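Summary of the model geometry
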Amino acid sequence: MSSPKSARLLDAHAHLVDPVFDDDRDCVLERARAAGLKAIIAVGETLADAKRNLELADRYGEMIRPAAGLYPTYLDLDEALQLVAWIEQHRERLAAIGEVGLDHWKVKDEGEREIQRDIFSRFIDLSIRLDLPLNVHSRSAGRPAIELMLERGAKKVLLHAFDGRAAKAMPAVEAGFFFSVPPSIVRSRQQQKLVERLPLESLLLETDSPVLGPDPQSRNEPANAALVVSAIAEIKDTPEEDVVDAVERNAQRLFGI
Ligand SMILES: [Zn+2]
């Protein structure tokens, strides 16, 4: 990084409520600041996570931008509806709706996929109604997730850790959706190929902490978002400063951060 202290980077997707951060969350956030991060979108998997994300934001201020959602493998329509109501209530404090989406890796049964689709549709409609960006998981379900969002008219979308081929991503690029790139790009040929093809204007940084780090055996943390800048710069054969400028602009456009 050419100017690591200037704090211009956004980690667009991290699970900071994860108990693996309970013992040293202060230090993790301190290292994130030192690595050039100005903010972290704290996604949630449940209603309990959503409430805890607000508490983290109370404690750590602007560094934490809370989000709320139901993880796509939780096929619980009641909790989804509770979350929809909770998000409406707390809209002013939230940076995004997430993590939500489709997961065809773990969920194989057609009936269960139908429930997943129904729940995701409700969050898409909520995103449009409240003008809040979606923070989307689409494991083994890139194409159906993109098609569903286009069909329902989603406008503000981040596809996190997209695991499909670039060709499947193109309709989303054309619709102005964004893609966030995790630090596992240093070891993932699929992520490298995706970044080769996607325009800089569509990219953001993320970590998905505590997973998707550069080393699969170690806990990932938001400071590693800085590694993604170097990886993108190398793949695109462009100066790191240009990558920082681009992801800063993109974060501003999507999240206003
Ligand atoms: Zn995640």
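Residues numbered from 1 in each chain as written. Predicted model: local features only at pLDDT ≥ 70, side-chain atom pairs only at ≥ 80, totals over all residues. Heavy atoms only, no water.

Burial in helix α7 (residues 189-197) covers these residues: Q191, Q192, L194 and V195. Buried residues of α7, viewed axially, fall in a sector of 160°; they line one side. Where α7 is buried, its residues touch α6 (166-174), β7 (178-181), β8 (203-205) and α8 (225-236). (Buried < 20%, exposed > 50% of the residue type's maximum accessible area, 1.4 Å probe, protein only. Helix = DSSP H or I, 4+ residues; strand = E, 2+ residues; numbered from the N terminus. Arc of directions from axis to C-beta. Contact = heavy atoms within 4.5 Å.)

Here we come to the packing of aromatic side chains. Under the counting rule described, the total for this entry stands at two aromatic pairs. Consider the rings of Y71 and Y74, whose centres lie 5.9 Å apart with planes at 55°: the pair is tilted. We classify Y71 as buried; its relative accessible area is 15%. Among the residues examined, Y74 registers a relative accessible area of 36% and is labelled partly exposed. Both rings, one in F162 and one in F179, keep their centres 5.3 Å apart while their planes meet at 90°; by these two values the pair is edge-to-face. (Phe/Tyr/Trp six-rings, centres within 6.5 Å; stacked < 30°, edge-to-face > 60°.)

Within the protein, H13 (NE2), H15 (NE2), E99 (OE) and D208 (OD) serve as the donor atoms for the zinc ion, at 2.1 to 2.3 Å. If you look at the zinc ion, its four donor atoms make angles of 83 to 171° with each other, and the shape they trace is irregular. Spacing between the donor residues of the zinc ion along the chain follows H-x1-H-x83-E-x108-D. Highlighted residues: H15 in the loop between β1 (9-14) and α1 (25-34) and D208 in the loop between β8 and α8, separated in sequence by 193 residues. Each member of the pair, H15 as well as D208, carries the same accessibility label: buried. (Donors = N, O, S within 2.8 Å, 3.2 Å for Na, K, Ca; no water. Tetrahedral: all angles 85-135°; square planar, octahedral: opposite > 155°, others 65-115°.)

Another point: the sheet that holds strand β3 (residues 64-68). What the eight strands build is an open sheet, ordered β1-β2-β3-β4-β5-β6-β7-β8; its pairing is parallel. Looking at the sheet topology across the chains shown, the edges are occupied by β1 and β8. Put simply, the sheet's adjacent strands are angled 30° from each other on average, direction ignored. (Pairing = 2+ DSSP bridges. Axes fitted to C-alpha atoms, helices over the stretch in contact; angles between N-to-C directions.)

Membership of the largest hydrophobic core comes to 73 residues, with the highest contact counts inside it found for I87, F123, L134, M149 and L159. A total of seven residues in this core trace back to one element, the largest contributor, which is α8. Sequence-distant contacts of M149, that is, excluding residues within four places in its chain, are made with F120, I124, L134, V136, A154, V157, L159 and F177. Counting 15 residues, the second largest nonpolar core, distinct from the first, contains A12, A39, A95 and A96. (Core = buried A, V, L, I, M, F, W, Y, C linked by side-chain atoms within 4.5 Å.)

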